[in-house]
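# Structure at a glance
The chain contents come next:
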Amino acid sequence: MELVFQISDSPVGAPVFQKVEGVLIRIGRAFDNDLILNDATISPHHAEISVDEDGKIWLLDLDSLNGSWVDRTQSNKQKIELHSGSKLSLGKTILHVYTPEHPVESAVKITPVSFVTNWIENPLLMVSSIVLVAILYGVEQWLNMFQEFKWQEIINVELIIFGSALSMGIFWAIVGRIFKHESNFKNQMKIIFVFIVAQFFITKFVDIILFNSLNYTFAMVLMMAVEFVLIALLLWLNLLLSTNQTQEQRLRTAVVVSAALVVLSIYSDMINESEFSDSPEYVKLLHPPALRISDGVEEQQFVTEISVVFDKLEIE
C-alpha cells in the first residue's frame, strides 16, 4: 500500500511530501528505515506504520525516547488506528498521513492579480525605487536648507526613511514565513519603496493645491482620501504576498485597517489643534513663485482680513 507523508519539521518551514510504499513502514533517524527523518528528538527506530488485511492503517511506537502521538492520543506500546489526514507528532516533527485517494484542493485560477505579482517580480523595480527614494528626499532636504549645507541632515532623513522601510519589510517577511512558508522579503521591500515614492508625490501635489487654494480643509480631506486608498492598496499587496487570504478577505482587511489608521490620524490632529484660529487661512510652508497657479490674495486684503481676527481677540 502507498502512503503519502506531509513532513513539517518547523512551524515556519515549508512542508515536504514523500510517498512510501509497503505494508510495514518503519520511521526513524537510522538509515535502514523506510522513512528517514532528520530530527535529533526522534529515535533511530522511532515508530512503524502497518496495514492489516482489512486495509486499516495502524501506528505503533517502538519505545522511542519522546513518544509518538496521533492527534492528541499517545501511542504507549499499543497500536493506534490512522485515517487519511491523521496528524502524527514524532519528536518535534509533525507528519500528516494521506492515502493516494485523499482529495486535494482545487487548482487556483490565474487572475489579474497574477499580473500584479509578475510586475512586482521585476528586478529593476527594486533598484529604481530605492534610487528614486534617495534622490527625492535628498533633494527635498537640500531645497529646505536655508543656511549652511549639511550632509548630516540629509543622511539622517535618509536613514530614518530606509530604516522604517526595512522594519516594515522584515515584519511582512516574518508574517509570510509563518502563514505562507515563504518570506518574499525582496518583493515586500519593492512594494514599500513604491509606496514611499507615491506618498512623496501625493504629498507634494496636495501641498500645491493648498498653496493655491488656501483651503486647508479641502486639502486635508483630499489628503486623507488619497492616503486611505494608498494605504489600503499597500496592505492589500502586503497581504497578497504574505498570507493565503482570499481576495475578499484581503480587501476587507485592508479597508478596515486603513480606515482605522486614517481615523487615528484625524483624531490626533484634532487633539493637537490650536485654540487660536489662523483664519484668514494662509500657507505656512515656503514655496517658489513658480508653483503659484492662482492669483492668490493681495497684501492689503490679507492685512485687512487678519486685522479683524486681532480685533476679535482684543474684544474677548
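As a reminder, the structure under discussion sits directly above these lines.
Now for a look at the structure at hand. (Residues numbered from 1 in each chain as written. Predicted model: local features only at pLDDT ≥ 70, side-chain atom pairs only at ≥ 80, totals over all residues. Heavy atoms only, no water.)

## Remarks on the packing of helix α2 (residues 123-143) against helix α4 (residues 185-213)
This is how the line gets drawn: Axes here mean lines fitted to C-alpha atoms, for a helix over just the part in contact, with angles spanning 0 to 180 degrees between N-to-C directions. Elements are defined by DSSP. Helices are runs of H or I of four residues or more, strands are runs of E of two residues or more, and each kind is numbered from the N terminus. Handedness of each helix crossing follows the sense of rotation of the near helix against the far helix: counterclockwise by less than a right angle gives left-handed, clockwise gives right-handed. Here, two residues are considered to be in contact whenever any of their heavy atoms come within 4.5 Å of each other. Residue classes follow a fixed rule: Ala, Val, Leu, Ile, Met, Phe, Trp, Tyr, Cys and Pro count as nonpolar, while Asp, Glu, Lys and Arg count as charged, and any other residue, Gly among them, counts as polar.
α4 packs onto α2 with a crossing angle of 35 degrees between their chain directions and a minimal axis gap of 9 Å. Note that α2 runs across α4; the crossing there is left-handed. Across the interface between the two elements, P123, L125, M126, S129, I130, L132, V133, L136, Y137 and E140 of α2 pack against K186, M189, K190, F193, V194, I196, V197, F200, F201 and K204 of α4. Broken down by class, the residue content of the contact of α2 with α4 amounts to 15 nonpolar, 1 polar and 4 charged.

## What to know about the pairing of strand β5 (residues 47-51)
Quick reminder of the rule: In this scheme, a residue with accessible area under 20% of its type's maximum is buried, one over 50% is exposed, and one in between is partly exposed, where area comes from a 1.4 Å probe on protein chains only. Two strands make a pair as long as DSSP finds a minimum of two bridges between them.
With respect to burial, β5 is a largely interior element, 5 of its 5 residues being buried. Because side chains alternate across β5, one face comprises the buried residues A47, I49 and V51, and the other comprises E48 and S50, equally buried. The pairing of β5 with strand β6 (residues 57-61) spans 5 bridges and is antiparallel. Its bridge partner being in β6, S50 is matched across the sheet by W58. Linking two consecutive strands that pair antiparallel, namely β5 and β6, is a turn of 5 residues; a positive phi of about 85 degrees is found at G55 within it.

## Looking at the sheet that holds β6
With respect to topology, 5 strands assemble into an open sheet ordered β4-β3-β5-β6-β9, the strand pairing being mixed. Edge strands, defined here as strands with exactly one partner in the open sheet, are β4 (35-36) and β9 (80-82). Pairing of strand β3 (residues 24-28) with β5 involves 4 bridges; the strand directions are antiparallel. What sits directly across from L24, in β5, is S50.

## Some points on the sheet that holds strand β7 (residues 68-70)
The sheet built from 6 strands is open, its strands ordered β2-β1-β11-β10-β7-β8 with antiparallel pairing. Of all the strands in the sheet, the pair left with one neighbour each is β2 (16-21) and β8 (73-74). As paired strands, β7 and β8 are joined by 2 bridges and run antiparallel to one another. When the bridges of β8 are listed, W69 appears paired with Q74.

## What to know about the pairing of β6
Taking burial as the measure, the 5 residues of β6 include 4 buried ones, the bulk of the element. When β6 meets β9, the two strands line up antiparallel, connected through 3 bridges. Each residue of the ladder has a partner; that of L59, found in β9, is I80.

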